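The residues making up each chain are set out below.
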Amino acid sequence: MDQVPAPTPPEEVTRLVAERAEARAEGDYQEADRIRERVRELGWEVMDSAGGTTMRPVDASLVVLVEDHQADIDRLLQGLSSHPPLSSWELIVVANAASFDADASVAEVDLEIEPSLLSTSARLGWADAVNLGLRRTHGGVAVLLDTSVEPTGDLVAPLLEAFRRERVGIAGPFGVSSSDLRHFDEAPPGAVDAIEGYCLAVRREVLRDVGLFDTHFRFYRNADLDFSFAARSAGWRAVRTKELPLRLHEHRAWSSLPPEERDRLSKRNFYRFLKHWGDRRDLLTHPGPRRTPAGDRP
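Residues numbered from 1 in each chain as written. Predicted model: local features only at pLDDT ≥ 70, side-chain atom pairs only at ≥ 80, totals over all residues. Heavy atoms only, no water.

As a packed pair, helix H1 (residues 11-25) and helix H2 (residues 29-41) sit with axes 8 Å apart at the nearest point and diverge in direction by 165 degrees. The pairing of H1 with H2 is recorded here as roughly antiparallel in orientation. In this structure, H1 meets H2 at a crossing whose hand is left-handed. Across the interface between the two elements, Glu12, Val13, Leu16, Val17, Glu19, Arg20, Ala23 and Arg24 of H1 pack against Tyr29, Glu31, Ala32, Ile35, Arg36, Arg38 and Val39 of H2. Here the contact of H1 with H2 is built from residues that sort into 8 nonpolar, no polar and 7 charged. (Axes fitted to C-alpha atoms, helices over the stretch in contact; angles between N-to-C directions. Helix = DSSP H or I, 4+ residues; strand = E, 2+ residues; numbered from the N terminus. Parallel < 35°, antiparallel > 145°, perpendicular 65-115°, else oblique. Left-handed = near helix turned anticlockwise from the far one by under 90°. Contact = heavy atoms within 4.5 Å. Nonpolar A, V, L, I, M, F, W, Y, C, P; charged D, E, K, R; others polar.)

Dropping the structure here:
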């Protein structure tokens, strides 16, 4: 396989790194840290070693939303500590009016990178909270991780590999497809209609094309369908990867609600999805016959 040439940093990044080197030489480490953060905001990491300073782009930004159930985020963070991605990565934790000290949870785990913690004083809807984290990402790919996910290996590498294929905009290990836009079922690896939000990776260009999650989705259910269809409507492909090195545990946002309430919220979100995409059968990967009062027709 041909070697992919290393990306060339933009002129602004190169200039800032030179200014940082000057600041370090003068002993102004506060200014050097400020410049380093500015470089990071532009999507690049500065790495110092005995051989000098090098730069590399941030490959992946992991976004995790925490609200309750401290043991779940502790498990996820421990998984990342034991099995860190081999690529360049960052971690953004959104503490959505968390019921525990999320800062302490993050501080207690030994990670190879310095996570960013964003805290809200009031509980935001699911989409608003996720979007808060996505706005802070710098990587070429953003990965939403639910706290029900426990990494058992480098889960980022196979996700990044999926984006090497043409026009893949969304990828993840949990994909669904439909034949009629009314019922979605688990789909095998390959092209799918949507990626589920337990582990959803999205290319940065998709976020620029279609924006973030629809903020009307205050409950998480079906927001991933809506976002996937927005991306596919813009010409991007959704791909379910093969199994990733992870374990999926109890999903608290579902199990913590009474059945009647979660069904009500799920239906409301699905009706919102249908309002957006109910007439877009052209977006289905494997559409079935169209059902009408007169019977089925192509």
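A word on the nonpolar core. If you look at the biggest cluster of nonpolar residues, it comprises 35 residues, and the most contacted ones within it are Leu62, Val66, Leu91, Val143, Leu145 and Leu155. Listed by contribution, the elements that provide at least two residues to this core are strand S3 (60-66), helix H3 (70-82), strand S4 (89-96), helix H4 (102-108), strand S6 (141-145), helix H6 (156-162), strand S8 (168-172) and strand S13 (199-203). Ignoring anything within four residues of it in the chain, the contact list for Leu91 reads Leu62, Val64, Leu77, Leu80, Leu111, Ile113, Pro115 and Ser116. Counting 30 residues, the second largest nonpolar core, distinct from the first, contains Ala129, Phe219, Tyr220 and Ala223. (Core = buried A, V, L, I, M, F, W, Y, C linked by side-chain atoms within 4.5 Å. Buried < 20%, exposed > 50% of the residue type's maximum accessible area, 1.4 Å probe, protein only.)

Moving on: the sheet that holds strand S11 (residues 190-192). With mixed pairing, 8 strands are arranged side by side in an open sheet as S5-S4-S3-S6-S13-S8-S14-S11. The open sheet is flanked by strand S5 (116-120) and S11, the only strands paired with a single partner. Within this sheet the neighbouring strands show an average axis-to-axis angle of 25 degrees, counted without direction. Bridging between S3 and S4 involves 7 bridges; their strand directions are parallel. Residue Leu62 lies in a different strand from S4, and its bridge partner there is Leu91. Set on the sheet, helix H5 (residues 126-134) makes contact with S3, S4, S5 and S6; between it and S3 the angle comes to about 145 degrees. (Pairing = 2+ DSSP bridges.)

In the structure shown here, the tally under the stated rule is 9 aromatic pairs. Judged by centre distance (4.9 Å) and plane angle (65 degrees), the rings of Phe219 and Tyr220 are edge-to-face. Across the pair, exposure class does not vary: Phe219 and Tyr220 are buried alike. (Phe/Tyr/Trp six-rings, centres within 6.5 Å; stacked < 30°, edge-to-face > 60°.)

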